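In case you want the letters, here they are:
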Amino acid sequence: MIANLATAVAVSARQNPVLTDTGAANAYVVVNLSAFSAYPSVSGLIIDVGIVNANTGASTLNVDGLGTKPILGLGLQPLQGGELIVKGVACLMYVVTSTVNSGNGAWIVMECTGGAQQIAPGLQSGHAIQFGQLTGLVGSMRNAKMSVTAASASATFTADQVVVGTALNGLEYLLPSYSQTINLAITGAGGTDTGAAPVSRYVALYAIYKPSTGATSILATNATIAVAPTIFRVADNGGKSFGY
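This write-up is about the structure you can find in this document. In this text, all values refer to a predicted model and were calculated from it rather than measured experimentally. (Residues numbered from 1 in each chain as written. Predicted model: local features only at pLDDT ≥ 70, side-chain atom pairs only at ≥ 80, totals over all residues. Heavy atoms only, no water.)

1. Some points on the overall build of the protein
Which entries qualify depends on this criterion: In DSSP terms, a helix is any run of H or I states spanning at least four residues, a strand is any run of E spanning at least two, and both are numbered starting from the N terminus. Exposure is judged per residue with a 1.4 Å probe applied to protein chains only, and the accessible area is read against the type maximum: over 50% gives exposed, under 20% gives buried, and values in between give partly exposed. Areas reported as accessible are Shrake-Rupley estimates using a 1.4 Å probe. Residue values count occlusion only from the protein chains shown.
Looking only at helices and strands, the protein has 1 helix and 14 strands in total. Out of the 244 residues belonging to the protein, those deemed buried represent 33%. As displayed, the protein has an accessible area near 14000 Å², and 57% of this comes from carbon and sulfur atoms.

Structural data, given as structure tokens:
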């Protein structure tokens, strides 16, 4: 009997109780049986939450009245909707690192039964990819336009959608609501690739994108003598390639 009791206590100690949410959609609230006095200062705490209201967008969690903290997906981005569903059980890990919520702590959805799972953008052929990476023909655009009514070194290029890729048959990314200003008087992102723009000649424009940060820009290159390539890789300040 004593052995069975010891086993039951040990098993119970290893199990996380499922805390019932008492908040609202996108603003979740839970209370522990033994309340925390403060949020942890290091990563690793895990809690399970029974979801009462499905999320419809970016969400927060307030534990034991200690204040709201953002809930992020495994891609470390805000939730978009459908990750936390009614009657689902969400496993959340508290993470404290300078690269997440400016080091102020955040809850990461490790999983939620029946909910959609967020992932980071796929960067290699064997990686899972985001829905937005299922695009189409590299270089294709929708409602692309740029208007220059008078001679100028600067203009803004806009498009409802632009498809970029690492190579003609490489990973692809869809850039929604693309709007970037090109300035031919400067060099680098937002300007020309190298040196001054040609006078009274042609330049090719490229939408550039950095998957690791989601940053977008635009770049011009001299296309006076030869047809510009479909893919144009750019080196960032760290010497790594990005943008396509």
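2. Considering the pairing of strand S10 (residues 172–183)
The condition that has to hold: Here the rule is simple: two strands pair whenever DSSP picks up at least two bridges between them.
Where strand S9 (residues 154–165) lies against S10, 11 bridges are found, and the strand directions are antiparallel. Each bridged residue has a counterpart across the sheet, and for Thr156 the counterpart in S10 is Thr181.

3. Topic: the side chain of Asp64
We count it as follows: As used throughout, the charge tally considers Lys and Arg to be positive and Asp and Glu to be negative, leaving His and the chain termini uncounted. We define a salt bridge as a side-chain nitrogen of Lys or Arg found within 4 Å of a carboxyl oxygen belonging to Asp or Glu. Here a polar contact is taken to be a pair of N or O atoms separated by no more than 3.5 Å, where protein atoms must pair a possible hydrogen donor with a possible acceptor and residues adjacent in sequence count only if both atoms sit in side chains. In this analysis, two residues are considered to be in contact whenever any of their non-hydrogen atoms come within 4.5 Å of each other.
One can find Asp64 in the loop between strand S4 (59–63) and strand S5 (68–72). Lys69 is the oppositely charged side chain nearest to the buried, salt-bridge-free Asp64, at an N-O distance of 13 Å. Looking at Asp64, its side chain comes within polar contact range of the main-chain nitrogen of Phe36, at 2.7 Å. When residues no more than four places from it in sequence are discounted, the contact partners of Asp64 are Val30, Val31, Asn32, Ala35 and Phe36.

4. So, the sheet that holds S5
Rules: Angles shown run from 0 to 180 degrees and are taken between the N-to-C directions of axes, each axis being a line fitted to C-alpha atoms and, for helices, limited to the stretch in contact.
Across the sheet, which stays open at both edges, the 7 strands sit in the order S1-S3-S6-S7-S5-S4-S2 with mixed pairing between neighbours. Pairing within the sheet leaves two strands with one partner each, and these edge strands are strand S1 (18–20) and strand S2 (27–30). When strand polarity is set aside, the average angle formed by the axes of neighbouring strands in this sheet is 35 degrees. The pairing of S1 with strand S3 (residues 46–50) spans 3 bridges and is classified as parallel. Considered in S3, the bridge of Thr20 is made with Gly50.

5. What about the packing of aromatic side chains?
The test is simple: Here is the rule: rings of Phe, Tyr and Trp (six-membered ring for Trp) pair when centre to centre is within 6.5 Å. Planes less than 30 degrees apart are stacked, more than 60 are edge-to-face, and the remainder are tilted.
Going through the model one piece at a time under the given rule, you end up with 5 aromatic pairs. Centroid distance Tyr39 to Tyr94: 5.3 Å. Interplanar angle 10 degrees. Geometry classified as stacked. With Tyr39 in the loop between S2 and S3 and Tyr94 in strand S6 (residues 89–95), the pair connects residues that are 55 residues apart, well separated along the chain. Residue classification places Tyr39 among the buried residues on the basis of a relative accessible area of 16%. One aromatic cluster in this structure is built from Tyr39, Tyr94 and Trp107.

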